Amino acid sequence: MKQKNIIIAIDGYSSCGKSTLAKALAKYLNYIYIDTGAMYRAVTLYLLRNNIDIYNTRAVEDALPHIHLSFQSADYQTHIILNGQEVSDEIRKMEVSDSVSTVSAIASVRKEMVKQQQRLGKAANIVMDGRDIGTSVFPDAHIKLFMTADPKTRADRRYRELSSKGEKVTLEEVFNNIAHRDYMDTTRKESPLVRASDAIILDNTELNEEQQLAFAINEVEAYIKANS
Ligand code: C5P
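Okay, so let's go over this structure. Given the structure is predicted, the values throughout are model-derived calculations rather than measurements.

What follows deals with a negative patch on the surface. Taken together, Glu 95, Asp 98, Glu 172 and Glu 173 make up a surface patch of like negative charges. Residue assignment for the negative patch shows that the elements contributing at least two residues are helix H4 (94–103) and helix H8 (171–187). Its place among the elements puts Glu 172 in helix H8.

Written out as structure tokens, the structure reads:
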């Protein structure tokens, strides 16, 4: 059954600019932007802060009812609130990046996040980015993009972003983290990262942000024209 609201699903590998494109597209269309990676990151942050062993599935499951997430979306940025506190900056730190793919592979975590994501998608026109949006969260999404880019280019971009925020990391650490998450995300048992057969591939290795946005707008306009 088709969704009533327009759902745009953007999936792809780590650090290939999904959220930058998703935000710009949501702003252009005046849709709600939902960053599902931020949700998995916030769960991970909670577990780390509370010294819960992320390899102990039972302990993680027991913690889930104590984790309350919400978004405040004023300016198309991700403002994620974990149990009443904004954690948008903390969730981007390497400590969280290093553990998030272990946490996101746990079935009960995914089940809970997907439930919340589907609820958010029922309420409005949305652009949602993640790893399993077009395959598992919204398999009937109206438009699906699958983003990819050369791993070295991705590491370079993320390294520059983290360094500009003052985080002390090396390019090698960032590259290794991206390679590790790609491996974990594509090989996990629960809804692994895979391109939906009807997703349009966007390789942005050689594209700037404006070119990517133009590509996405073109796809959305073609969809709307074909369906009006
Ligand atoms: O998108 P971002 O890099 O912030 O996502 C962090 C991690 O969260 C990913 O590496 C992946 O393990 C997990 N994730 C996921 N499913 C999603 C979004 C993110 O498993 N829909």
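What follows concerns unusual backbone geometry. The phi dihedral of Ser 15 falls on the positive side, at around 55 degrees, and the residue is not glycine. Secondary-structure assignment places Ser 15 in the loop between strand S1 (7–12) and helix H1 (18–29). The backbone of Asn 83 shows a phi angle near 45 degrees, a positive value even though the residue is not glycine. If you trace the backbone, Asn 83 turns up in the loop between strand S4 (80–82) and strand S5 (85–86).

The next point concerns the site of the ligand. In the neighbourhood of the ligand, 17 residues make up the surrounding shell, with Arg 41, Arg 110, Arg 181, Asp 185 and Arg 188 lying closest. Between the ligand and Thr 36, the relevant distance is 3.0 Å, taken from a nitrogen atom to a side-chain nitrogen or oxygen of the residue. The separation between an oxygen atom of the ligand and a polar side-chain atom of Asp 185 is 2.7 Å. The set of elements that each furnish at least two residues to the shell around the ligand consists of helix H2 (36–49), H4 and H8. Examining the composition of the shell around the ligand, we find that four residues originate from one element, H2, more than from any other. Its residues assigned to classes, the shell around the ligand shows three nonpolar, six polar and eight charged.

Quick notes on the rules
Residues numbered from 1 in each chain as written. Predicted model: local features only at pLDDT ≥ 70, side-chain atom pairs only at ≥ 80, totals over all residues. Heavy atoms only, no water. Patch = residues over 30% accessible without salt bridge, like charges linked within 9 Å, V, L, I, M, F, W, Y side chains within 5 Å. Areas by Shrake-Rupley, 256 points an atom, 1.4 Å probe, with all protein chains shown as cover. Salt bridge = Lys/Arg side-chain N within 4 Å of Asp/Glu carboxyl O. Lys, Arg positive; Asp, Glu negative; His and termini not counted. Charge placed at Lys NZ, Arg CZ, Asp CG, Glu CD. Helix = DSSP H or I, 4+ residues; strand = E, 2+ residues; numbered from the N terminus. Near = heavy atom within 4 Å. Polar contact = N/O pair within 3.5 Å; in protein donor to acceptor, adjacent residues only side chain to side chain. Nonpolar A, V, L, I, M, F, W, Y, C, P; charged D, E, K, R; others polar.

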